[in-house]
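# Notes for the structure review
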Amino acid sequence: VLTALMLAVLLCAAVFAAGSIDTAKSGSISVYFGHEGEDFAGAEFELFRVADVSSGGVYTLTGDFAGYAVEVNGLTSSGWRALAQTLEAYVEDDGLVPAASAVTGSDGRAGFRGLKTGLYLVLCSGPYAHGGAEYTVEPALVSVPNKGADGEWVYNVPVTVKYESDFDITEYEKISVRKVWRGDSAASRPASVQVTLLR
């Protein structure tokens, strides 16, 4: 019984460490987009409000997302990533209108301010071309507020987006290969050779 009481005290301490979410408080999301120390300017990001959040941290789908059969509570990190991809597909298929949009400045940052508490989907409006490469930003789900490193609620949430990059397929380079035959005869020479090009 004593052990159970001690565990209950510890659990209560963990719950009240951050306290309840102040659902009347507004927050913000600061998005950063860059690669290896280089800031990407002119990238447009769109923000969609996916769910309300209770003072106890429970999400409830809202607005355009209320009718979708998806789970937004008790997910793992891979579950959150899969949900973001699913919601991005719904946004594209159903032509949903973002709640807000912002473009990154010279510092690679775009800001969304005056946000109600809840769960938000952050999307980049399209692939970003820079320096002969094309960057495709992964969709991200961001909670306002979010838990900080100290376990406290953070209402102004910084986000560094993840992305995949590839060379711009609209740029081409012609490569020629010439095989020079030496020390053979026409009789022993093969009809062809196979050349492998590795990028």
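All figures in this text were calculated on a predicted structure; none of them were measured in a lab.

This paragraph deals with the pattern of salt bridges. Under the criterion given, the structure shown has two salt bridges. The partner of Asp 52 in a salt bridge is Arg 49, and the shortest N-O contact between them spans 2.5 Å. For Asp 52, a relative accessible area of 30% puts it in the partly exposed group. Close ionic contact of Arg 81 with Glu 138 constitutes a salt bridge, the shortest N to O distance being 3.0 Å. Of this pair, Arg 81 sits in helix 2 (residues 77-94) while Glu 138 sits in the loop between strand 10 (133-137) and strand 11 (140-144), and the two are 57 residues apart along the sequence.

Glancing now at the layout of surface pockets. Of the pockets and cavities examined, the largest pocket occupies roughly 610 Å³. Contributing to the lining of the largest pocket are 26 residues, with Trp 80, Ala 140, Leu 141, Val 142 and Asn 146 lying nearest its centre. When contributions to the lining of the largest pocket are tallied by element, the ones reaching two or more residues are helix 2, strand 11, strand 12 (146-147) and strand 14 (156-160). Each residue belonging to the lining of the largest pocket can be placed in one class, and the counts come to 16 nonpolar, six polar and four charged.

Another point: the nonpolar core. Core analysis: the largest hydrophobic core is formed by 23 residues, its most contacted members being Ile 29, Val 31, Phe 33, Phe 45, Leu 47, Phe 112 and Val 161. Secondary structure elements with two or more residues in this core: strand 1 (27-32), strand 4 (44-53), strand 7 (109-115), strand 8 (118-124), strand 10, strand 11 and strand 14. Leave out the neighbours within four places in its chain, and Leu 47 touches Ile 29, Pro 98, Ala 99, Ala 100, Phe 112, Leu 115, Tyr 120, Leu 121 and Val 122. With 20 residues, the next largest nonpolar core counts Val 53, Phe 65, Val 72 and Tyr 155 among its residues.

Backbone geometry follows two general trends: most residues other than glycine have a negative phi, and most peptide bonds adopt the trans configuration. A cis amide bond links Val 144 with the next residue in sequence, Pro 145, at an omega value of 5°. Among the structural elements, Pro 145 can be located in the loop between strand 11 and strand 12. Residue Glu 36 is not a glycine yet carries a positive backbone phi of 50°. As for its placement among the helices and strands, Glu 36 is situated in the loop between strand 2 (34-35) and strand 3 (38-39).

On average, residues of the chain score 88 in pLDDT, and 88% of them reach the 70 mark or higher. Throughout residues 1-16 the model reports pLDDT below 50, and contacts reaching past four residues in sequence, or to other chains, amount to zero contacts.

Along an α-helix, residues three or four apart share an orientation, since each turn contains 3.6 residues. End to end, helix 2 covers 26 Å across 18 residues, agreeing with the expected 26 Å (1.5 Å per residue, within 8%). Gly 95 sits one or two positions beyond helix 2 and adopts a positive phi of about 60°.

In spatial order, the strands read 7-1-14; together these three strands make up an open sheet with mixed pairing. The sheet is open, and its two edges are formed by strand 7 and strand 14, each paired on a single side. Here the strands of the sheet are splayed against their neighbours by 15° on average, with no regard to which way each runs. Looking at chain direction, strand 1 and strand 7 are connected through five bridges and run antiparallel. Bridge assignment links Val 31 to a residue of strand 7, and that residue is Ala 110.

Each value, and the rule that gives it
- Residues numbered from 1 in each chain as written.
- Predicted model: local features only at pLDDT ≥ 70, side-chain atom pairs only at ≥ 80, totals over all residues.
- Heavy atoms only, no water.
- Salt bridge = Lys/Arg side-chain N within 4 Å of Asp/Glu carboxyl O.
- Buried < 20%, exposed > 50% of the residue type's maximum accessible area, 1.4 Å probe, protein only.
- Helix = DSSP H or I, 4+ residues; strand = E, 2+ residues; numbered from the N terminus.
- 1 Å grid on protein atoms, 1.4 Å probe; cavity = no way out; pocket = protein on both sides within 12 Å on 5 of 7 lines; lining within 4 Å.
- Points joined across faces, edges and corners; volume = space filled by probe spheres on them.
- Nonpolar A, V, L, I, M, F, W, Y, C, P; charged D, E, K, R; others polar.
- Core = buried A, V, L, I, M, F, W, Y, C linked by side-chain atoms within 4.5 Å.
- Contact = heavy atoms within 4.5 Å.
- pLDDT = per-residue confidence, 0-100.
- Expected span 1.5 Å × (residues − 1).
- Pairing = 2+ DSSP bridges.
- Axes fitted to C-alpha atoms, helices over the stretch in contact; angles between N-to-C directions.

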